[in-house]
Amino acid sequence: MIDSHTHLNHSDFEQDFDSIIQRALDAGITRMVNIGFDLGSSRETVALVKKYAFMDGAVGVHPHDARTYDDEVEDELSELLASPGVLAVGEIGLDYYRDLSPRDLQRDVFRRQLGLARRASKPIIIHCRDAFDDVISILRAEGPPWQGIFHAFTGDAEMAGTVLDLGFHIGIGGVVTFRKSTLGQVVAGLPAESIVLETDCPYLTPAPFRGKRNEPSYLTYVVEKIAETTGRSVDSIAEITTRNFADAMGLDHLDGVVTE
């Protein structure tokens, strides 16, 4: 299994990092992808990727931090993208829920990072919260098809179809386990080759640990719920989503999986 979205450089993991990693490996997590959200966390991501053979990364500036984006940041992100194991630009997008950066600035920084990904020939990892129409409008205007992951998807079947039409895979995490969530019904109607697994740890902790710190080993609860809602086995979901992740990142080989 691959956890396609972690923030293991987060301060919540400082005290027991080694134990967290061991629990993940023991749970069958073969790869973990650490995701940058600003320049500092992107640097930390590259350091983790260099240190751990089972780690990949993405670098970018989250919409919350759009105020920090400038030419110098873009230049360094471009350099970081060339580091081995850095697979994508992300997480990037729009967040109209918290509005921690002005919306016009968020949109401008989103477009700039889409351009950065195009120039580097890298996939993208999209953050979208309460901003679906604008995210889709910008992606369409900037020229599909795209490649990458629409992170932490919680939309309906129509929205999922729009995302897939643009070329993305859909990231499914802890929300699918929430008691009142309808995400499981959406997932059940998606093509098996369209989804990837993620925790977004330390956030979006699945049941039965909701409200506590999330970690990669909890991905097993997400897989079990997806297996339940789709009528597939846990092993089948693990195998399919591993191949899907390789496809989303444009990789020919990953953990013994060869994509066609």
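The preceding data block contains the structure.
Read on for an overview of the structure. Residues take numbers from 1 onward in each chain, read along the sequence in its written order. Local features in this predicted model are restricted to residues whose pLDDT is 70 or higher, and side-chain atom pairs enter the listing and the counts only when it is 80 or higher, whereas totals over whole chains, interfaces and linings include all residues. Note that the side-chain values use all heavy atoms of the structure and ignore hydrogens as well as water.

Regarding the nonpolar core
Quick note on the threshold: Side-chain atoms within 4.5 Å link the members of a nonpolar core, which is a set of buried Ala, Val, Leu, Ile, Met, Phe, Trp, Tyr and Cys residues. Per-residue accessibility, obtained with a 1.4 Å probe over protein chains only, is compared with the maximum for each type, and a residue is labelled buried under 20%, exposed over 50%, and partly exposed between these values. We call two residues in contact whenever any of their non-hydrogen atoms come within 4.5 Å of each other.
Counting residues in each nonpolar core, the largest one holds 68 residues, and the members touching the most others are Ile124, Ile126, Leu139 and Phe150. Among residues more than four places away in sequence, those in contact with Phe150 are Ile126, Cys128, Phe132, Val135, Ile136, Leu139, Val163, Phe168, His169, Ile170 and Gly171. By size, the runner-up hydrophobic cluster in this structure holds 14 residues, among which are Ile2, Leu87, Ile149 and Leu251.

Some words on helix 8 (residues 219–230)
Each α-helix turn comprises 3.6 residues. Residues three or four places apart therefore point the same way. Threshold: Only runs of H or I of at least four residues qualify as helices and only runs of E of at least two qualify as strands under DSSP, and these elements are numbered from the N terminus. Helix span, as expected, comes to 1.5 Å for every residue beyond the first. This arc is taken over the directions from the axis of the helix to the C-beta atoms.
Over its twelve residues, helix 8 runs 17 Å from end to end, which matches the ideal 16 Å to within 8%, given 1.5 Å per residue. Regarding helix 8, the residues found buried are Leu219, Thr220, Val222, Val223, Ile226 and Ala227. On an axial view of helix 8, the arc spanned by its buried residues comes to 160°, and they lie on one face. Those residues of helix 8 hidden inside the fold are in contact with strand 1 (2–6), strand 7 (168–172), helix 7 (183–188), strand 8 (195–197) and helix 9 (234–249).

A word on the side chain of Thr177
What counts is decided by this rule: Definition of a polar contact: a pair of N or O atoms within 3.5 Å, with one able to donate and the other able to accept a hydrogen when the atoms are protein atoms, and with sequence-neighbouring residues admitted only if both atoms are side-chain atoms.
Note that Thr177 resides in the loop between strand 7 and helix 7. One polar contact links the side chain of Thr177 to the main-chain carbonyl oxygen of Gly174, over a distance of 2.7 Å. For Thr177, the contacting residues outside a window of four places in its chain are Pro206, Ala207, Tyr221, Val222 and Lys225.

So, the pairing of strand 4 (residues 86–95)
Two faces make up the sheet, and in a regular strand the side chains alternate between them. Threshold: One requirement defines pairing of two strands: DSSP has to find at least two bridges between them. Throughout, right-handed denotes a crossover for which the path from the first strand over the helix to the second runs clockwise when the strands point away from the viewer.
The element strand 4 is extensively covered by neighbouring structure, given that ten of its ten residues are classed as buried. Where strand 4 and strand 5 (residues 124–129) come together, six bridges link them in parallel fashion. Its bridge partner lying in strand 5, Ile92 is registered against Ile126. Following the backbone out of strand 4, through helix 4 (residues 103–120) and into the adjacent parallel strand 5, one traces a crossover that is right-handed.

A word on empty space enclosed by the protein
The condition that has to hold: Whether a set of points on the 1 Å grid over the protein atoms alone is a cavity depends on a 1.4 Å probe fitting there but being unable to get out, while an open set qualifies as a pocket with protein on both sides within 12 Å along at least five of seven lines; lining residues are those with an atom within 4 Å of a point. Grid points are joined across faces, edges and corners, and a volume is the space filled by probe spheres set on the points. As a working rule, the residues Ala, Val, Leu, Ile, Met, Phe, Trp, Tyr, Cys and Pro are called nonpolar, Asp, Glu, Lys and Arg charged, and the rest polar, with Gly in that last group.
Under the criterion given, the structure shown has one cavity of 30 Å³ or more. Each pocket or cavity is described by its volume, and for the largest cavity that value is around 30 Å³. Surrounding the largest cavity, Ala152, Phe153, Thr154, Gly173, Gly174, Val175, Leu183 and Leu204 form its lining. Looking at side-chain class alone, the lining of the largest cavity contains five nonpolar, three polar and no charged residues.

Some thoughts on unusual backbone geometry
The omega torsion across Gly90 and Glu91 is 5°, close enough to zero to call that bond cis. Along the chain, Glu91 turns up in strand 4. You will see that Asp99, though not glycine, has its phi angle at about 50°, which is positive. In this fold, Asp99 is placed in the loop between strand 4 and helix 4. Since its relative accessible area comes to 33%, Asp99 is described here as partly exposed. A positive phi angle, close to 55°, is found at Ser121, a residue other than glycine. When you line up the elements, Ser121 lands in the loop between helix 4 and strand 5.

Re the pairing of strand 3 (residues 55–59)
Taken across its five residues, strand 3 has five buried, putting it largely inside the fold. Taking every second residue as pointing to the same face, both faces of strand 3 are buried, with Met55, Gly57 and Val59 on one and Asp56 and Ala58 on the other. Sheet topology note: the strand 2 (residues 31–35)/strand 3 ladder contains four bridges and is parallel. Residue pairing in the sheet places Asn34 in a bridge with Gly57 of strand 3.

So, the pattern of salt bridges
Selection rule: Throughout this description, the term salt bridge denotes a Lys or Arg side-chain nitrogen within 4 Å of a carboxyl oxygen of Asp or Glu.
Under the defined criterion, the tally for this structure stands at 13 salt bridges. It is possible to trace a salt-bridge network through shared partners that takes in Asp16, Arg23, Arg213 and Glu215.

A short note on the environment of Leu81
When you line up the elements, Leu81 lands in helix 3 (residues 71–81). Judged by its relative accessible area of 3%, Leu81 falls in the buried class. Put simply, Leu81 and Val59 are 22 residues apart on the chain and 6.9 Å apart in space, counted from C-alpha to C-alpha. Those residues in contact with Leu81 that lie beyond four places of it in its chain are Val59, Val86, Ala88, Val89, Leu116, Ala120 and Lys122.

Observations regarding the sheet that holds strand 7
Let me state the cut-off plainly: Between N-to-C directions, angles cover 0 to 180 degrees, with each direction set by a line fitted to C-alpha atoms, over the stretch in contact for helices.
A sheet is described by the order of its strands in space; here eight strands give the open sequence 1-2-3-4-5-6-7-8, paired in parallel fashion. Strands at the two margins of the open sheet, each flanked by one partner only, are strand 1 and strand 8. Pairwise comparison of adjacent strand axes, ignoring direction, gives a mean angle of 30° for this sheet. Sheet topology places strand 7 next to strand 8; three bridges connect them, and they run parallel. Paired with Ile170 across the two strands is Ile195, which belongs to strand 8. Against the sheet, helix 3 touches strand 3 and strand 4, its axis set at about 140° to strand 4. Along the sheet, helix 6 (residues 157–165) makes contact with strand 6 (148–150) and strand 7, crossing strand 7 at roughly 135°.

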